Amino acid sequence: MGGNPEQTYAEVVLGRRSIRGYLDKPVPRALIEEVLALAMRAPSSMNTQPYHFHVITGAPLARIRQGNTERILAGYPDSREFRRGEPFAGVHRERQIAVAKQLFGAMGIARDDQEARQDWVLRGFRQFDAPVCIIITYDRALSGSDDTAFDCGAVTTQLVNAAWSKGLGCVINSQGIMQSPVVREHAGIPDDQVIMKAVAMGWPDPDFPANAVVSERRSVAEAARFVGFD
Ligand SMILES: Cc1cc2nc3c(=O)[nH]c(=O)nc-3n(C[C@H](O)[C@H](O)[C@H](O)COP(=O)(O)O)c2cc1C
């Protein structure tokens, strides 16, 4: 799982998957800096690089895990700071259900096992007990432009691939920022930045069943049209 410095680009991209179980082993700061430097070669709109990375571990991360868990159990509503569309429907909902089935299947969580499902959800709010969580934010001055979200996605995708090339696993997640006030307080995020996404990071636990899940993709033929080729 990850870790082979000889991996080609295709091996990194095809091998990477979201990691939701981690070894209890710290990640050196210098390695995270290396990963971030690779990630930041991502293109951005007019090279504006609107993103920031808040790399959190130790006591502040423990406080975020606790705050997230308390608020979720107390029924606090979702407080994401950016625009969200309608709930998924149609093919999008089908794809969401398909990956959930793969993950629950791997973990042996039955459809009607409410307790196990709740544990799984809480795990996400604890950042999957990863040793590191990176909060991605963007400059509030660039709010309202869809380019900003696009640029955050580009750099974050490059981040998880760069991490994988170094043997680290990640899962990009919204669960970690659904209680944004908790994250803002304990990570000390300034008011001129908007909280966008969380990335849990660490050394993949090879024995954690969900880490083996390879999610499905539709084919290139389904996703792409070629115009003017013949
Ligand atoms: C914007 C975004 C938000 C996500 N939020 C969550 C999340 O809250 N919890 C989770 O377990 N996975 C989350 N994921 C991971 C996706 O479920 C995962 O990337 C997708 O199923 C494809 O699987 P793969 O990353 O293993 O290829 C998120 C991914 C993205 C890009």
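Anyway, here's the lowdown on the structure attached to this text.

Reading the values: the criteria
Residues numbered from 1 in each chain as written. Predicted model: local features only at pLDDT ≥ 70, side-chain atom pairs only at ≥ 80, totals over all residues. Heavy atoms only, no water. Helix = DSSP H or I, 4+ residues; strand = E, 2+ residues; numbered from the N terminus. Buried < 20%, exposed > 50% of the residue type's maximum accessible area, 1.4 Å probe, protein only. Pairing = 2+ DSSP bridges. Axes fitted to C-alpha atoms, helices over the stretch in contact; angles between N-to-C directions. Patch = residues over 30% accessible without salt bridge, like charges linked within 9 Å, V, L, I, M, F, W, Y side chains within 5 Å. Areas by Shrake-Rupley, 256 points an atom, 1.4 Å probe, with all protein chains shown as cover. Salt bridge = Lys/Arg side-chain N within 4 Å of Asp/Glu carboxyl O. Near = heavy atom within 4 Å. Polar contact = N/O pair within 3.5 Å; in protein donor to acceptor, adjacent residues only side chain to side chain. Expected span 1.5 Å × (residues − 1). Contact = heavy atoms within 4.5 Å. Parallel < 35°, antiparallel > 145°, perpendicular 65-115°, else oblique. Left-handed = near helix turned anticlockwise from the far one by under 90°. Nonpolar A, V, L, I, M, F, W, Y, C, P; charged D, E, K, R; others polar. Core = buried A, V, L, I, M, F, W, Y, C linked by side-chain atoms within 4.5 Å. Lys, Arg positive; Asp, Glu negative; His and termini not counted.

Next up on the list: the overall build of the protein. Secondary structure summary: the protein contains eight helices and four strands in total. Each helix and strand of the protein, ordered N terminal to C terminal, gives the series α-α-β-α-α-α-β-α-β-α-β-α. Projected onto the principal axes, the alpha-carbon positions of the protein cover approximately 60 × 45 × 40 Å. Residue burial in the protein is summarised as follows: out of 230 residues, 40% are buried.

Reading across from one edge, β1-β2-β4-β3 is the order of the four strands in this open sheet, with antiparallel pairing throughout. The open sheet is flanked by β1 (51-56) and β3 (169-173), the only strands paired with a single partner. Averaged over all adjacent pairs, the angle separating strand axes in this sheet is 25 degrees, with direction ignored.

Side chains of Val220, Phe226 and Phe229 sit close together on the surface and give an oily, nonpolar patch of about 390 Å² of accessible area. Tracing the backbone shows Val220 in helix α8 (residues 220-223).

With that settled, consider the site of the ligand. Neighbouring residues of the ligand: 14 residues in total, closest Ser18, Arg20, Ile172, Gln175 and Arg217. One of the side-chain nitrogen or oxygen atoms of Arg20 is found 2.8 Å away from an oxygen atom of the ligand. Calculation on the ligand without its partners gives an accessible area of 620 Å², and the protein chains cover 68% of this total. Take the shell around the ligand: its biggest share by element is three residues, from β3.

Along the polypeptide, Pro206 turns up in the loop between β4 (193-202) and α8. As for Pro206 and Gly21, which are separated by 185 residues in sequence, their C-alpha atoms are 8.4 Å apart.

Here we take up helix α5 (residues 114-125). If you check α5, its first and last C-alpha atoms are 17 Å apart, about what 12 residues at 1.5 Å a residue would give, namely 16 Å. Looking at α5, one finds that the buried residues are Ala116, Trp120, Leu122, Arg123, Gly124 and Phe125. On its buried side, α5 packs onto α3 (58-73), α4 (90-107) and β3. Immediately downstream of α5, the backbone of Gln127 shows phi near 55 degrees, a positive value.

Between two packed helices, both the angle of their axes relative to each other and the distance between the axes serve to describe the pair. Between helix α2 (residues 29-39) and helix α6 (residues 146-165), the least distance of the axes is 8 Å, while the angle of their chain directions is 135 degrees. On the basis of the axis angle, α2 is oblique to α6. α2 and α6 meet at a crossing whose hand is right-handed. Residues Val35, Leu36, Leu38 and Ala39 of α2 touch α6, and the partners they reach there are Val155, Gln158, Leu159, Ala162 and Ala163. Along the lines of polarity and charge, the residues of the contact of α2 with α6 split into eight nonpolar, one polar and no charged.

Next up on the list: the nonpolar core. Of all hydrophobic cores here, the largest spans 38 residues; its most connected members are Phe53, Ile134, Ile135, Ile136, Leu159, Leu168 and Met201. Broken down by secondary-structure element, the contributors of at least two residues to this core are α2, β1, α3, β2 (132-139), α6, α7 (180-187) and β4. Once residues lying within four places of it in the same chain are set aside, the contact partners of Ile134 are Ile32, Leu36, Phe53, His54, Val55, Leu159, Lys197, Ala198, Val199 and Met201.

Our next topic: unusual backbone geometry. The bulk of non-glycine residues show a negative phi, and the bulk of peptide bonds are trans. With phi around 45 degrees, Gln49 is a residue other than glycine that occupies positive phi space. Tracing the chain through its elements places Gln49 in the loop between α2 and β1. With phi around 55 degrees, Asp129 is a residue other than glycine that occupies positive phi space. Tracing the sequence through the fold places Asp129 in the loop between α5 and β2. Its relative accessible area of 36% is what places Asp129 among the partly exposed residues.

Mapped onto the elements of the fold, Arg20 is located in the loop between α1 (9-15) and α2. Buried charge Arg20 goes without a salt bridge, the closest partner of opposite sign being Asp129 at 13 Å. With sequence-adjacent residues up to four places away left out, Arg20 is seen in contact with Leu103, Trp120, Arg123, Phe128, Val171, Phe208 and Asn211.

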